[in-house]
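Given next are the chains, with one letter for each unit.
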Amino acid sequence: MSRAWLGRLMPVLTLAVLLLVWELGCVVFHVPEFVLPRPSRVIVTLIGTFGPIWFHAQHTLLTTLAGFAMAVVMGVALGVVVGSSRLAYQALYPLLVGFNSVPKVALVPVLVVWFGIGTIPAVLTAFMLSFFPVAVNVAIGLATMEPELEDVLRSLGASQRDIVVKVGLPRAMPYFFASLKIAITLAFVGSVIAETLASNVGIGTLVEQASANFRMPLVFAGLAVVAAMGIAMYAIFAWIERRMTGWATRSVDFGIGG
Amino acid sequence: MSGTQTPLVDIADVRLSYGGAGGTLAVDQLTLRVPAGRLVAVVGPSGCGKSSLMKLVTGLLRPSAGRVSVAGQAVRGPVKIVGMAFQNASLLPWRTTLDNLMLPLEIVEPYRSRIRRERAGFEADARRLLAAVGLAGFEDRFPWQLSGGMQQRASLCRALIHRPALLMLDEPFAALDAFTREELWDVLQGIWMERGFTTILVTHDLREAVYLADTVHVMSARPGRIVATYEVELPRPRTLDVSFLPAFSHLVQTLRAHIRTERGAGDAAAVA
């Protein structure tokens, strides 16, 4: 087997070994199922209750994607403003950092008061958690332009808008796509938190109710599904990133050679 | 030879200070005239305000006192008849070499409003320019596929694509190895002799200054001003053989002595 194949198989192998150790540990130490269920039981539950789990998972996925989409739109808009104007940076950046430091869990009750229990608080929590990395990355991509390049363009009479459109935005693309991978994972965190606290549907609700009934295999099955969706989304955005901005990963050795 | 004709660049008794009153004085009593069509080098100790000179001439900075004019007009904003190239090629990595050259044409008038209709013609121009610096066949490569020397050639082309009357070079070859650098001296000399644009070359490399320039100006330590001017009376096109002539070495030695004195003066001023 070639090394490349081995490299691809490694995550699967690691997971298999981890599950095996877990399984054996539970058997050897007689761990009760309501404390930590064996992986084999989790898998059986996952297959047995696939219908309900899929229903909740779908809902979580849609909630997450809705919040994520809002985060991308708002994040890009804010990032462009903050990254291309010194004044906007000074005005907004401290506010952004302050907002990002507030634990979003604490805001869920507020959202419930405003919008009631259900999907909207979950969408908004996903949005609040994931827009910050998008905004910051886009702003960094715009603000770290080489000063010489900016001089060249300015001396040609380029307006601020020209510079942002011709250089700033294309330059910010690798930062933007990199931030999507982080943002989608955070969006899952946000929606599941809100579902746990204030919803009747979604993986968060499922996990919360299952754990209240000590149905630990179902809790772990729910968590496994969230993890799987997170990994799938991450992989999709990583693939998009490579497709869209391959030039950025290759320019690592930029400028070397004679 | 610089005599009666109006200079293309006329810097008269210019002062530039950063950070308002009591700020750093970058240049003071700076006077420099560059006749049209000449290639002029400015050398000096590091931190002598050479970059300020670049920004003053291109209109990116306004002088605190004195007057800067280019092509007979006082500089009040970006000077569009100028092309610029720097030590860092700073090509856009998402554009091919050819598209990198098109960038200035997408911004500067009159090309900007014509580029949609006349793109093919402009691209033909760009290809000719690339061929002139030895980059034929690399038009569709991306910057990361070019060596440092090739990137710098492309950067030079980008500075020249809108046919500027004045080319400003800020240590354009400083990041290259010695052999590539000497190769690019000839590339620059070749295209300058062919096209006849005026050039101001800011450099630390005294051999480079003597090899390329008609006139070498020595700048003082900060606050920078011109303290000496030497005419380089060597025939063109100059080749590496010229750089082994006694006259060449003698001038380089003289310049080096000047810089050493200026560095000393700068250090003394810093201590005092």
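Everything numeric here is computed off the predicted structure, so don't read it as measured data. (Residues numbered from 1 in each chain as written. Chains lettered and ligands numbered in written order. Predicted model: local features only at pLDDT ≥ 70, side-chain atom pairs only at ≥ 80, totals over all residues.)

A word on the packing of helix 3 (residues 50–84) of chain A against helix 9 (residues 203–212) of chain A
All names here are of chain A. Rules: Axis definition: a line fitted to C-alpha atoms, over the contacting stretch in the case of helices. Angles run 0 to 180 degrees between N-to-C directions. For helices the rule is a DSSP run of H or I covering at least 4 residues; for strands it is a run of E covering at least 2, with both sets numbered from the N terminus onward. For this classification, under 35 degrees means roughly parallel, over 145 means roughly antiparallel, 65 to 115 means roughly perpendicular, and everything else is oblique. Residues are treated as contacting if the C-beta atoms built from their backbones sit within 7 Å of each other. Any residue that is not Ala, Val, Leu, Ile, Met, Phe, Trp, Tyr, Cys, Pro, Asp, Glu, Lys or Arg is counted as polar, Gly included; the first ten are nonpolar and the last four charged.
Where helix 3 contacts helix 9, the axes come no closer than 7 Å and their chain directions differ by 135 degrees. Viewed along their axes, helix 3 and helix 9 adopt a mutual orientation that is oblique. Residues I53, H56, A57 and T60 of helix 3 lie in contact with helix 9, whose contacting residues are I203, G204, T205 and L206. Its residues assigned to classes, the contact of helix 3 with helix 9 shows four nonpolar, four polar and no charged.

Quick notes on the interface of chain B and chain A
Taken together, the 29 residues of chain B in the interface contact 25 residues of chain A. Only strand 6 (82–86) and helix 4 (148–160) of chain B provide two or more residues apiece to the side of chain B that touches chain A.

What about the pairing of strand 8 (residues 198–203) of chain B?
Where a strand is regular, its side chains alternate between the two sheet faces. All names here are of chain B. Threshold: Comment: burial labels come from other C-beta atoms within 10 Å of the residue's own C-beta, placed from the backbone, where a count of 20 or more is buried, 12 or fewer is exposed, and between is partly exposed. Two strands qualify as a pair provided DSSP detects at least 2 bridges between them. When the strands point away from the viewer and the path from the first strand over the helix to the second turns clockwise, the crossover is right-handed.
With six of six residues buried, strand 8 lies mostly within the body of the structure. Residues T198, I200 and V202 point to one face of strand 8 and T199, L201 and T203 to the other, with burial holding for every one of them. Summarising the sheet, strand 7 (residues 166–170) and strand 8 pair through five bridges and their orientation is parallel. Considered in strand 8, the bridge of L167 is made with T199. The parallel pair strand 7 and strand 8, bridged by helix 5 (residues 178–195), forms a crossover whose chirality is right-handed.

Describing the confidence of the model for chain A
All names here are of chain A. For the record, the criterion: The pLDDT value expresses, per residue, how confident the predictor is, ranging between 0 and 100.
Of the residues in chain A, 95% reach a pLDDT of 70 or more, and the chain-wide mean stands at 90. Within chain A, helix 11 (residues 246–250) has the poorest average pLDDT of any element, 68, and helix 3 the best, 95. Of the regions scoring below 50 in pLDDT, residues 251–258 engages in 17 contacts with residues more than four places distant in sequence or in other chains.

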